[in-house]
Amino acid sequence: MPVHLPTSAAPCTVRFQGRIGREPGSGFTAVPHRYHLYVSLACPRSLRAAVTRSLAGLEDKVTLSVVTPVRDGRGWAFRTGEGPDSVGGFAQLREAYEATEHHYEGPVSVPVLWDRWSGRIVSNQADDIMYDLATAFEGAGPELYPAGLADGIARYGALFDDDVWEAAQQAGRARRGDRYDEATGTVFNALGLLEHRLSQSPFLFGDRLTAADVHLWTTLLHVDAVHRRHLWVEDVRRIGEHTVLWAYFERLYELPAFRDNLRLDHIAQHHRASCRGPAASGSTLPIVDWDRLAGTAPEAAAGDCG
Ligand SMILES: N[C@@H](CCC(=O)N[C@@H](CS)C(=O)NCC(=O)O)C(=O)O
């Protein structure tokens, strides 16, 4: 059985790179109630954008809607439960791309920052969306991108994407043998390094929460909730078994910006659908039950693809 690994951390191509409040004349000024965020809460980059929006205190200034976690060949859509898109009236997210660029044929990815005034996409570049949400508006929240930490935040981002996410993917593809051992070793070393780093301070940069912590939290979530399902469990322990990382995960989970944007059901449905096809998405197999925190998470599984 081929191994279908979850949505990659490697972003698909970016077509729209408008910035809020930066280039004079860009027209995208930081005005409340002008912008809308389309996300999938099964997508780590979208989850980071949603958490950033909440941390920046923008929940009543920038509205948000969630696409259905299971997408078919037509891409992300607004089907059940989450209700139709109340802003653009879209059934398929592709319509937002086509409204922005006539006959658009490229990939349709989330997150998407939409401009209500011009009826077009500002950006589908997650890192830019997060940065602008956190810095362009008079938000009340923590300074997620402190000057002087930009390089450090970017370096941590690369560590999470390459040595945790991508390495876990490679191990999942290899399943066994040298490449598997090498890749799981990389994941293990990175988690060990982070366990040590966070044994010295509450957050990655001391006692201040930054965008690097938002990035690490979503990465840890997906390691436990998705990647581990493709690895021999004895090789990559549950986050719950990394005492410092688990305490860190809990500490952020206690914050509404993280807890309220966490949809394990969406992650489970999306993952199962990518493994076994949309038909399997309905299964209610529990995924890691964070409400049973403190390392007692049951041996829950979204179901191996094997
Ligand atoms: N352009 C985006 C890409 C983000 C991305 O890769 N999103 C994934 C979900 S995590 C996506 O929507 N992929 C297209 C698909 O799954 O249909 C970025 O750079 O952040």
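Residues numbered from 1 in each chain as written. Predicted model: local features only at pLDDT ≥ 70, side-chain atom pairs only at ≥ 80, totals over all residues. Heavy atoms only, no water.

Caption draft 1: Spatial organisation of the sheet that holds strand β4 (residues 120-123). Reading across the sheet, the four strands line up as β2-β1-β3-β4 and stay open at both edges, with mixed pairing between neighbours. The outermost strands of the open sheet, each flanked by one partner alone, are β2 (63-66) and β4. Taking the axes of each pair of neighbouring strands and ignoring which way they run, one obtains an average angle of 35 degrees across the sheet. The pairing of strand β3 (residues 112-115) with β4 spans three bridges and is classified as antiparallel. Bridge pairing in β4 links tryptophan 114 to isoleucine 121. Across the sheet, helix α1 (residues 44-55) is in contact with β1 (35-39) and β2; its angle to β1 comes to roughly 140 degrees. (Pairing = 2+ DSSP bridges. Helix = DSSP H or I, 4+ residues; strand = E, 2+ residues; numbered from the N terminus. Axes fitted to C-alpha atoms, helices over the stretch in contact; angles between N-to-C directions. Contact = heavy atoms within 4.5 Å.)

Caption draft 2: Structural view of the packing of helix α5 (residues 178-197) against helix α7 (residues 243-253). Packing of α5 against α7 brings their axes to within 8 Å, and their N-to-C directions diverge by 70 degrees. Considering their axes alone, α5 and α7 lie roughly perpendicular with respect to each other. Crossing of α5 against α7: the hand is left-handed. The residues of α7 that touch α5, namely those facing Leu191, Leu194 and Glu195, are Thr243, Val244 and Leu245. Of the residues belonging to the contact of α5 with α7, the class tally is four nonpolar, one polar and one charged. (Parallel < 35°, antiparallel > 145°, perpendicular 65-115°, else oblique. Left-handed = near helix turned anticlockwise from the far one by under 90°. Nonpolar A, V, L, I, M, F, W, Y, C, P; charged D, E, K, R; others polar.)

Caption draft 3: Just the packing of helix α4 (residues 150-174) against helix α6 (residues 211-225), in detail. Running from N to C, α4 and α6 point in directions that differ by 10 degrees, and their axes come no closer than 9 Å. Judged by the inter-axis angle, α4 sits roughly parallel to α6. Residues Ile153, Tyr156, Gly157, Phe160, Asp161, Val164 and Trp165 of α4 form the contact with α6, whose own contacting residues are Ala211, Ala212, His215, Leu216, Thr219, His222 and Val223. Tallied by class, residues from the contact of α4 with α6 come to nine nonpolar, four polar and one charged.

Caption draft 4: Focus on the side chain of aspartate 161. Residue placement: aspartate 161 occurs in helix α4. Comment: no salt bridge for buried aspartate 161; closest opposite-charge side chain is arginine 45, at 4.4 Å. Within the local environment of aspartate 161, its side chain forms a polar contact with the side chain of histidine 215, the two groups lying 2.9 Å apart. (Buried < 20%, exposed > 50% of the residue type's maximum accessible area, 1.4 Å probe, protein only. Lys, Arg positive; Asp, Glu negative; His and termini not counted. Salt bridge = Lys/Arg side-chain N within 4 Å of Asp/Glu carboxyl O. Polar contact = N/O pair within 3.5 Å; in protein donor to acceptor, adjacent residues only side chain to side chain.)

Caption draft 5: Layout of the packing of aromatic side chains. As enumerated under the stated definition, the model contains 13 aromatic pairs in all. An angle of 55 degrees between the planes, with centres 6.3 Å apart, marks the rings of tyrosine 38 and phenylalanine 90 as tilted. Here phenylalanine 90 lies in the loop between β2 and α2 (94-100) and tyrosine 38 lies in strand β1, a separation of 52 residues in the sequence. By relative accessible area, phenylalanine 90 is classed as buried at 8%. Here the aromatic residues Tyr38, Phe78, Phe90 and Trp114 are joined through ring pairs into a cluster of three or more. Residue placement shows arginine 71 over the ring face of tryptophan 76; its charged tip is 4.8 Å from the ring centre. Over the face of the ring belonging to phenylalanine 203 we find arginine 251, whose NZ or CZ atom lies 5.8 Å from the ring centre. (Phe/Tyr/Trp six-rings, centres within 6.5 Å; stacked < 30°, edge-to-face > 60°. Lys NZ or Arg CZ within 6 Å of the ring centre and 35° of its normal.)

Caption draft 6: The environment of proline 256, seen in detail. As for its position among the elements, proline 256 is in helix α8 (residues 256-259). Under the relative-accessibility criterion, proline 256 is labelled partly exposed at 43%. Sequence spacing of proline 256 and valine 51 is 205 residues, and the spatial spacing of their C-alpha atoms is 9.0 Å.

Caption draft 7: Molecular detail of the side chain of aspartate 85. Of note, aspartate 85 is situated in the loop between β2 and α2. Although aspartate 85 lies buried, it forms no salt bridge, and the closest oppositely charged side chain, arginine 116, sits 7.8 Å away as judged by the N-O distance. A distance of 2.9 Å separates the side chain of aspartate 85 from the side chain of tyrosine 38, its partner in a polar contact. Of note is the side chain of aspartate 85, whose polar atom sits 2.7 Å from the backbone nitrogen of glycine 88. Residue contacts for aspartate 85: discarding those within four places in its chain leaves His36, Tyr38, Ser65, Phe78 and Phe90.

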